[in-house]
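# An overview of the molecular structure
Next come the chains, spelled out residue by residue.
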Amino acid sequence: MALLARKAALPQRAAAARPKAFVAAPRRSVVARAEAGAVNDDTFKAVVLESSVPVLVDFWAPWCGPCRIIAPVVDEIAGEYKDKLKCVKLNTDESPNVASEYGIRSIPTIMVFKGGKKCETIIGAVPKATIVQTVEKYLS
């Protein structure tokens, strides 16, 4: 009986004795993240084709697993190159006209546009280094 009473009191005593330094604090992001903007059939021309800086377009869909894998990578690139490159995402389910105009048959597909013209295409979930290497070619 005394053992049961001691065990029952132990968790309360341990919690009360725990220093505040060990209490979990809410997570905070140290790095400010920028997210890629969104475009659709109506805004594609103004945002992408008429842009004064190169544009990275991520063609994606919500049901696509590989698209969800590279989404944070595209957001990171948007933050790292925010003054030199515009990054946008186009949901192919909601904007099928632009997707079919550029022959999107597989997603994720990333296209780089410069001066209103398509310069390069990357198909599939690829490492960040591959995307950065492709983008760097068009930043001059």
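Presented here is a report on the structure given in the accompanying data block. Keep in mind the model is a prediction, meaning the values are calculated, not measured. (Residues numbered from 1 in each chain as written. Predicted model: local features only at pLDDT ≥ 70, side-chain atom pairs only at ≥ 80, totals over all residues. Heavy atoms only, no water.)

### Some words on the overall build of the protein chain
Filter applied, for reference: Each helix is a run of H or I in the DSSP string that is no shorter than four residues. Each strand is a run of E no shorter than two, and both are numbered from the N terminus. Contacts: residue pairs with any heavy atoms within 4.5 Å of one another. In these tables, accessible area is a Shrake-Rupley quantity obtained with a 1.4 Å probe, and a residue counts as shielded only by the protein chains included in the view.
A tally of helices and strands in the protein chain yields 5 helices and 5 strands. In the protein chain, the succession of helices and strands from N to C terminus is α-β-α-β-α-β-α-β-β-α. A sequence separation of at least 24 residues applies to 69% of the contacts in the protein chain between residues at least 6 apart. When the accessible area of the protein chain is evaluated, it comes to approximately 9,300 Å², of which 56% is carbon and sulfur surface.

### Section: unusual backbone geometry
Each neighbour pair has its own omega, and for Ile107 with Pro108 the value is 0 degrees, a cis peptide bond. Along the chain, the position of Pro108 falls in the loop between helix 4 (96-101) and strand 4 (109-114).

### Digging into the packing of aromatic side chains
Just so we agree on the cut-off: Any two rings among Phe, Tyr and Trp, with Trp reduced to its six-membered ring, count as a pair given centres within 6.5 Å; such a pair is stacked if its planes are under 30 degrees apart, edge-to-face if over 60, and tilted if neither. Relative accessibility under 20% of the residue-type maximum defines a buried residue, over 50% an exposed one, and the middle range a partly exposed one, all with a 1.4 Å probe and only protein chains included.
Taken as a whole and judged by the stated rule, the model has 3 aromatic pairs. Note on Phe44 and Phe113: the rings are 5.7 Å apart at their centroids and 80 degrees apart in plane angle, and the pair reads as edge-to-face. Residue Phe44 is found in helix 2 (residues 44-49), and its partner Phe113 is found in strand 4; the two are separated by 69 residues along the sequence. What makes Phe113 buried here is its relative accessible area of 1%. Each member of the aromatic cluster is reached from another via a ring pair, and the members are Phe44, Tyr102 and Phe113.

### Some remarks on helix 3 (residues 65-80)
To keep it simple, the criterion reads: Expected span, for any helix, means 1.5 Å times one less than how many residues it has. At every residue, the bend is computed as the angle between two fitted axes, covering the seven residues ending there and the seven beginning there respectively.
End to end, helix 3 covers 24 Å across 16 residues, agreeing with the expected 22 Å (1.5 Å per residue, within 8%). The sharpest bend along helix 3 comes to roughly 30 degrees, located at Ala71, with the proline Pro72 sitting one to four residues further on. Taken as a whole, helix 3 has its buried residues at Cys67, Ile70, Ala71, Val73, Val74, Asp75, Ile77 and Ala78. Buried-residue contacts for helix 3 involve strand 2 (55-60), strand 3 (86-91), strand 4 and helix 5 (128-136).

### A few points about the environment of Asp75
Assignment of secondary structure puts Asp75 in helix 3. The exposure class of Asp75 is buried, given its relative accessible area of 17%.

### Here we look at the packing of helix 3 against helix 5
Heads up, the condition is: To get an axis, fit a line to the C-alpha atoms, keeping to the stretch in contact for a helix; angles then go from 0 to 180 degrees between the N-to-C directions. By definition in this entry, angles of less than 35 degrees are roughly parallel, angles greater than 145 are roughly antiparallel, angles of 65 to 115 are roughly perpendicular, and the rest are oblique. Here a crossing is called left-handed whenever its near helix is offset anticlockwise from the far helix by less than a right angle, and right-handed whenever the offset is clockwise. Gly falls in the polar group here, along with every residue not listed as nonpolar (Ala, Val, Leu, Ile, Met, Phe, Trp, Tyr, Cys, Pro) or charged (Asp, Glu, Lys, Arg).
The geometry of helix 3 relative to helix 5 is characterised by a closest axis approach of 10 Å and an angle of 40 degrees between their N-to-C directions. Relative to helix 5, the element helix 3 lies oblique. As helix 3 runs across helix 5, the sense of the crossing is right-handed. Residue-level inspection shows Val73, Glu76, Ile77 and Glu80 of helix 3 in contact with helix 5, the latter providing Lys128, Ile131 and Val132. Class assignment for the residues of the contact of helix 3 with helix 5 results in 4 nonpolar, no polar and 3 charged.

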